[in-house]
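Analysis of the macromolecular model
Okay, here's what each chain looks like letter by letter:
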Amino acid sequence: MKHTVKVLALFAVIGLSGCGASNSDLEVVRTLAQQANTTADVALQTARSAENIAMDAKASAEAAENKIENMAKGQKTKHK
């Protein structure tokens, strides 16, 4: 995503410079690209955090499932 933003910003700069854009126009494009990069970084951090939470939840669910299975096996051996 970051790469895409940089490419789009580059194309915007090239397009604006071809149209006789001023330095302030180019600065606006740079600012927008930086904001997009910042937003992409925050989104990536959020996604990684969500992935970690999901992995923890999966591990907890698997542990609970194993505990239930072991309890059920224990009940079967008591009834024999």
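Here the structure is shown first, and the text comes after it.
The structure presented is a predicted model; accordingly, all values stated were derived computationally and were not measured.

1. Describing the overall build of the protein chain
- For the protein chain, the helix and strand inventory stands at two helices and zero strands.
- Here the protein chain, with 80 residues, has 9% of them falling under the buried criterion.
- By element, 62% of the accessible surface of the protein chain is carried by carbon and sulfur atoms, the whole surface being about 6600 Å².

2. Considering the pattern of salt bridges
- In total, this model carries two salt bridges according to the counting rule given.
- Linking E27 and R30 is a salt bridge whose minimum nitrogen-to-oxygen distance equals 3.1 Å. A residue pair is termed a helical-turn pair when its members lie 3 or 4 positions apart in one helix, as E27 and R30 do in helix α2 (residues 23–79) at three residues.
- Given the relative accessible area of 42%, E27 is considered partly exposed.
- When the shortest N-O distance is used, the salt bridge between K58 and E62 registers 4.0 Å. One end of the pair, K58, and the other, E62, are both in helix α2, four residues apart, so they sit about a helical turn from each other.

3. Regarding the environment of T31
- With respect to the element layout, T31 can be found in helix α2.
- Along the chain, T31 and A9 lie 22 residues apart, while their C-alpha atoms are 9.8 Å from each other.

Here is what the cut-offs are and how they apply
Residues numbered from 1 in each chain as written. Predicted model: local features only at pLDDT ≥ 70, side-chain atom pairs only at ≥ 80, totals over all residues. Heavy atoms only, no water. Helix = DSSP H or I, 4+ residues; strand = E, 2+ residues; numbered from the N terminus. Buried < 20%, exposed > 50% of the residue type's maximum accessible area, 1.4 Å probe, protein only. Areas by Shrake-Rupley, 256 points an atom, 1.4 Å probe, with all protein chains shown as cover. Salt bridge = Lys/Arg side-chain N within 4 Å of Asp/Glu carboxyl O.

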